[in-house]
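Inside the fold
The chain contents come next:
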Amino acid sequence: MSESTSDANPAVGIIMGSRSDWPTLKAAADVLDTLHVPYETKVVSAHRTPNRLYEYASSARERGLKVIIAGAGGAAHLPGMTASMTELPVLGVPIESKALKGLDSLLSIAQMPAGVPVGTLAIGKAGATNAGLLAAGILALADESLTARLAAWRAEQTASIGETVEDDG
């Protein structure tokens, strides 16, 4: 995992509570790579590195970020704490945990109090993939080129699905 992409101006931040979350959140990065959306990655633990979290979230907008994807497992405080420190949209990805298969993470992220929103996605890689797509969709509101790339990605996905059980699709 790199600390940032080769682009000097990332639009999306992908943060995670620990390095072990990267195999899940890599799905978001893969989508953003496919759509040519610049992003940065960083390990930022709400519990173990609170000063790093504060610095990251409170400076995100001035550093040029437009959306933050935050993945966390267990108590999953990272997305909510991030959202409390920035006006940027925060997309929470629950990481699958061993004990409760990610249900603990999902409920922790989904139960934000009114006034501190976190867009909560599905547990695991599906949620990370959709977080990447949702981040791209948010950015596409102000970027016609990205809108076209996102439309092409969706058309390709649709075309890849066969209509019958015999289709190799």
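Higher on the page you've got the structure.
Overview of the structure. Computed from a predicted model, the values in this text were never measured in an experiment.

The next point concerns the nonpolar core. One finds Val-12, Ile-14, Leu-25, Leu-35, Val-37 and Ile-69 to be the most contacted residues of the largest nonpolar core, which totals 30 residues. Counting only elements with at least two residues in this core, the list comes to β1 (12-16), α1 (22-34), β2 (39-43), β3 (67-72), β4 (90-94), α5 (125-140) and α6 (144-159). In this structure, Val-44, Ala-72, Ala-83 and Leu-88 belong to the second largest nonpolar core, which totals 18 residues.

This paragraph deals with the side chain of Asp-104. Position of Asp-104 among the secondary structure elements: in helix α4 (residues 103-110). Buried Asp-104, no salt bridge; nearest opposite-charge side chain is Lys-101, N-O distance 10 Å. Ignoring anything within four residues of it in the chain, the contact list for Asp-104 reads Gly-74 and Ser-97.

For the rest of this paragraph, the subject is the pattern of salt bridges. A complete count under the given rule lists 3 salt bridges for this structure. The partner of Asp-30 in a salt bridge is Lys-26, and the shortest N-O contact between them spans 2.8 Å. Taken together, the residues span about one helical turn, with Asp-30 and Lys-26 both in helix α1 at a distance of 4 residues. With relative accessibility at 34%, the residue Asp-30 sits in the partly exposed group. For Glu-40, the salt bridge is made with Arg-63, and the minimal N-O distance between the two is 2.9 Å.

This part is about unusual backbone geometry. Phi is positive for His-36, close to 60 degrees, though the residue is something other than glycine. Here Ala-76, not a glycine, exhibits a phi torsion of approximately 50 degrees, which is positive.

Judged by side-chain polarity, Leu-100, Leu-103 and Leu-107 come together as a nonpolar surface patch covering roughly 280 Å² of accessible area. Structurally, Leu-103 is set in helix α4.

Moving on, we get to the pairing of β2. Counting buried positions over the 5 residues of β2 gives 4, a clear majority of the element. Read as a crossover between parallel neighbours, the route from β1 over α1 to β2 is right-handed.

Structural remark: α-helix, 3.6 residues per turn; residues separated by three or four positions point the same way. Of all the residues in α4, the buried ones are Asp-104, Ser-105 and Ile-109. The buried residues of α4 all sit within an arc of 125 degrees when viewed along its axis, so they share a single face. Looking at the buried positions of α4, the neighbouring elements they touch are β3, α3 (78-83), β4 and β5 (119-120).

Under the criterion given, the structure shown has 0 aromatic pairs. The ring of Tyr-56 has Arg-63 lying over it, and the distance from NZ or CZ to the ring centre is 4.6 Å.

Next up on the list: helix α2 (residues 50-59). Leu-53, Tyr-56, Ala-57 and Ser-59 are the residues of α2 that are buried. Lining the buried residues of α2 we find β1, β2, β3 and α3.

With that out of the way, let us pick up the pairing of β1. In terms of residue burial, β1 counts as a mostly covered element, since 5 of its 5 residues are buried. Residues Val-12, Ile-14 and Met-16 line one face of β1 and the alternating positions Gly-13 and Ile-15 line the opposite face, and both faces are buried. Pairing analysis gives 5 bridges linking β1 to β2, with the strands arranged parallel. Paired with Met-16 across the strands is Val-43, a residue of β2.

This paragraph deals with the sheet that holds β1. Within the open sheet, the 5 strands sit side by side as β2-β1-β3-β4-β5. Their pairing is parallel. Across the chains shown, the open sheet's two edge strands, defined by having one partner strand only, are β2 and β5. Sheet topology places β3 next to β4; 5 bridges connect them, and they run parallel. Residue pairing across strands places Gly-71 opposite Val-93, the latter belonging to β4. On the sheet, α1 packs against β1, β2, β3 and β4 and is oriented at approximately 170 degrees with respect to β1.

Scoring rules and cut-offs
- Residues numbered from 1 in each chain as written.
- Predicted model: local features only at pLDDT ≥ 70, side-chain atom pairs only at ≥ 80, totals over all residues.
- Heavy atoms only, no water.
- Core = buried A, V, L, I, M, F, W, Y, C linked by side-chain atoms within 4.5 Å.
- Buried < 20%, exposed > 50% of the residue type's maximum accessible area, 1.4 Å probe, protein only.
- Helix = DSSP H or I, 4+ residues; strand = E, 2+ residues; numbered from the N terminus.
- Lys, Arg positive; Asp, Glu negative; His and termini not counted.
- Salt bridge = Lys/Arg side-chain N within 4 Å of Asp/Glu carboxyl O.
- Contact = heavy atoms within 4.5 Å.
- Patch = residues over 30% accessible without salt bridge, like charges linked within 9 Å, V, L, I, M, F, W, Y side chains within 5 Å.
- Areas by Shrake-Rupley, 256 points an atom, 1.4 Å probe, with all protein chains shown as cover.
- Right-handed = clockwise from strand over helix to strand, strands pointing away.
- Arc of directions from axis to C-beta.
- Phe/Tyr/Trp six-rings, centres within 6.5 Å; stacked < 30°, edge-to-face > 60°.
- Lys NZ or Arg CZ within 6 Å of the ring centre and 35° of its normal.
- Pairing = 2+ DSSP bridges.
- Axes fitted to C-alpha atoms, helices over the stretch in contact; angles between N-to-C directions.

These figures capture arrangement, not role.
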